Amino acid sequence: MSGGAPTSREERREARASHPMAKETIEESRDGRKRNAAKRARKMARKKADSMPVVEALEAPQQTRVVEGELVTPAPAGGVVGLFKAPYLLRLLVRREIAKMYSASVLGLLWSYIQPGLRFGVYYLVFGVLLDVQRSLPNFAIHLFCGIVFTHFFSEVFNGGTRSIWENRTLVKKMAMPRETFPIAHVIVGYYHIFPQILLLFICCLLSGFRTDLTGVVALFLGTAIISVFGMAVALLFSAVNVYYRDFQNVTGTITQMLHFMVPMMYGWDRIAGFQPTHPVLVQLYLANPVCDSVILLQRFFWTGVNMADGDLGHNAELPPHMLERGGITLACCLVFLVLCQWAFSRLEHKFPERL
Amino acid sequence: MVSSNTSIVVDDVSKIFTMHYHRSLKQIMVAKVRGLPLSETFQALTDINFEVEQGESVGLMGLNGSGKSTLLTLINGVLKPDSGTVKTRGRVAGLIATGAGFHPQLSGRDNLFLNAAILGMSEAETHRKFDEIVDFADIGRFLDTPVSHYSSGMSARLGFSIAIHVDADIFLADEVLAVGDKPFKVKCMAKMQEIRQQGTTIFYVSHAAASVQHMCDRILVLEGGHLNYDSKLVDGGSVEGGIKFLHYDDEEPDAPGDKNGISALADSALGAEI
Ligand SMILES: Nc1ncnc2c1ncn2[C@@H]1O[C@H](COP(=O)(O)OP(=O)(O)OP(=O)(O)O)[C@@H](O)[C@H]1O
Ligand SMILES: [Mg+2]
């Protein structure tokens, strides 16, 4: 059957070509192809001519409508800053993203706790118990938990943010709105996820005895600020790049996976500090990672707090020196990076509707 | 000159689309080796100039692919012109090309709130107009099902209903109702006449000449991205003149059999005035 098909098609084509009338039509269409296209379009348009019903204008004279405001470009005034000034739209999108996680899954939002919970369990068993890190690292569970919280936040923002514009393409193509809303909404969703985790962490710390000092509190806020600004910047940049090169949404998973090993959570800082004499540059690079810094700062608040209450401040319970200064510099760099990412986003977003 | 009640200014606007042929690395390599272009550009609009007063009702006509939807997307603010400027005064709402900007996985209700917010309505305003919008759209108990389960007519209904209740200063309608049924079309056209009477600027794209004639007091005709007829600028220009300019009522030289039927149809559609 399939073998015979092409021949019969060939035959049919030949028959058609040899038909005198058909030949004429083909010739003609080659001659005035353009004219014919226009003619066809007109014919179609004429057929549609009464496709819309006619409704007479109202009898009453037209009112004059006075519009306040200036003539402005209709493109939405974008910018992350503008979003937070008019947060209603952002709130709607965040609520929607969260609702999406509930929908069509039995465990719903629980999944976003099960996942980090399982990861915590695995790391605790493999690194804490099997490799016996907990013997040299007091309060290993808290140490690990601090890392899990912020890396989880970052993966949420990075993965979700990168896909956000692509996933909302139907809206982006048709509606004029600040497109920053989509990646930034994922940052808020990230907060929504980690807030209960931080609460849980705090309760655990209180139960096992907890003390804090001013440095600790500053470290907590500094760490949160760094991860927020960095997350925002990365989400903005990659959401835009992902429109052009869809490859990026496949890479994010791998990068966040690697990130778990690039922060001191399943091993102590002392392991890294050991390389200081031989590989000083690599150690500095390790510490230049904003996620790493924010995890260390979070540990400064929770983990050091618990250690202080235990009265155990052996050399193993140490964190890198000058963390507040380092954190301040990292935050400043992240802010500059955010401004750059916003600039790149504004440059790229003009072409979103035609590229999606 | 730009007066205080100018609603839309389109000044020397051109739009060039880049069509990307090769996307994957392999395709790019192959194209490079063979010396093929990596992308090609297409000029969809060329040096468009016009101004619209507040309250004017403008019909935009042209053959398929002449750039009507592109022009509306520029006025809407979704696209930016490659050169020239587009300026508008007040709130712009409307539907561009068939289908509204809905998120397919969201319910009609969520999409309603989202679209209203994007179009500049506050939460209180949306709640106030909610029943009115739902009644007008008449989608019944599908309000809480995902929009992906809607028929194309249903999402067009909801989209139109939201856009027309926004209380916009400029309303854009681009063949939005092509998929609607007749009763709904009548309802929509009546609603558009109503907002027209209230002084809203209307931009109406349709191939239906009779409908344009009754809805609009000015006509723009696009041909291959060029604005070739503006009834306000042409001497003795009129909406009928614009429709004539399109040659919708041309003689059909090579279809004598069809001629009577179709021309009769077209004539009746164009109204007795022509
Ligand atoms: N994203 C895009 N990339 C490349 N070309 C595009 C893009 N969008 C539109 N075009 C081209 O621009 C031209 C004008 O398209 P447009 O949709 O404005 O036509 P139209 O006048 O609305 O036609 P219709 O009557 O069919 O609605 C077309 O030739 C189309 O191929
Ligand atoms: Mg169109």
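Structure: see above.
What you see is a predicted model; the values in this text were computed from it and never measured. (Residues numbered from 1 in each chain as written. Chains lettered and ligands numbered in written order. Predicted model: local features only at pLDDT ≥ 70, side-chain atom pairs only at ≥ 80, totals over all residues. Heavy atoms only, no water.)

Trainee: Looking at this structure, I do not really get the nonpolar core. What am I missing?
Mentor: Nonpolar side chains in soluble globular proteins tend to be buried together. Formed by 143 residues in total, the largest nonpolar core has its most connected members in F302(A), F352(A), F160(B), F171(B), M192(B) and Y204(B). Beyond its immediate stretch of four places on either side in the chain, F302(A) contacts I142(A), C146(A), I198(A), L201(A), F202(A), C205(A), F210(A) and L220(A). (Core = buried A, V, L, I, M, F, W, Y, C linked by side-chain atoms within 4.5 Å. Buried < 20%, exposed > 50% of the residue type's maximum accessible area, 1.4 Å probe, protein only. Contact = heavy atoms within 4.5 Å.)

Trainee: When you look at the interface of chain B and chain A in this model, what are you seeing that I'm missing?
Mentor: How big an interface is tends to be stated in terms of accessible area lost as the parts join. Across the boundary between the two partners, chain B contributes 85 residues, which contact 61 residues of chain A. Across the chain B/chain A interface, buried area totals approximately 6,200 Å², and carbon plus sulfur atoms make up 60% of it. Interface area lost by chain B to chain A is led by V78(B), I118(B) and Q197(B), which between them contribute 11%. Across the chain B-chain A interface, the total number found is 3 salt bridges. Here K351(A) and D82(B) are joined by a salt bridge, their closest N and O atoms 3.6 Å apart. Connecting chain B to chain A are 9 residue pairs in polar contact (both at pLDDT 80 or more). For the side of chain B that touches chain A, the secondary structure elements donating two or more residues are β1 (6–20), α2 (68–76), β4 (83–88), α3 (108–118), α4 (123–137), α6 (182–197), α7 (209–215) and α9 (256–270) of chain B. If you tally residues by element for the side of chain B that touches chain A, the top one is α6(B), at 9 residues. Residue composition of the side of chain B that touches chain A, by class: 37 nonpolar, 29 polar and 19 charged. (Buried area = accessible area lost by both parts, 1.4 Å probe. Salt bridge = Lys/Arg side-chain N within 4 Å of Asp/Glu carboxyl O. Polar contact = N/O pair within 3.5 Å; in protein donor to acceptor, adjacent residues only side chain to side chain. Helix = DSSP H or I, 4+ residues; strand = E, 2+ residues; numbered from the N terminus. Nonpolar A, V, L, I, M, F, W, Y, C, P; charged D, E, K, R; others polar.)

Trainee: Teacher, can you tell me more about the environment of D181(B) here?
Mentor: Residues and elements named next belong to chain B. Along the polypeptide, D181 turns up in the loop between β6 (170–174) and α6. With relative accessibility at 37%, the residue D181 sits in the partly exposed group. Each C-alpha atom, one on D181 and one on M154, is 9.9 Å from the other, the two residues being 27 residues apart in sequence. Reaching out from D181, the side chain makes a polar contact with the side chain of R157 at a distance of 3.3 Å.

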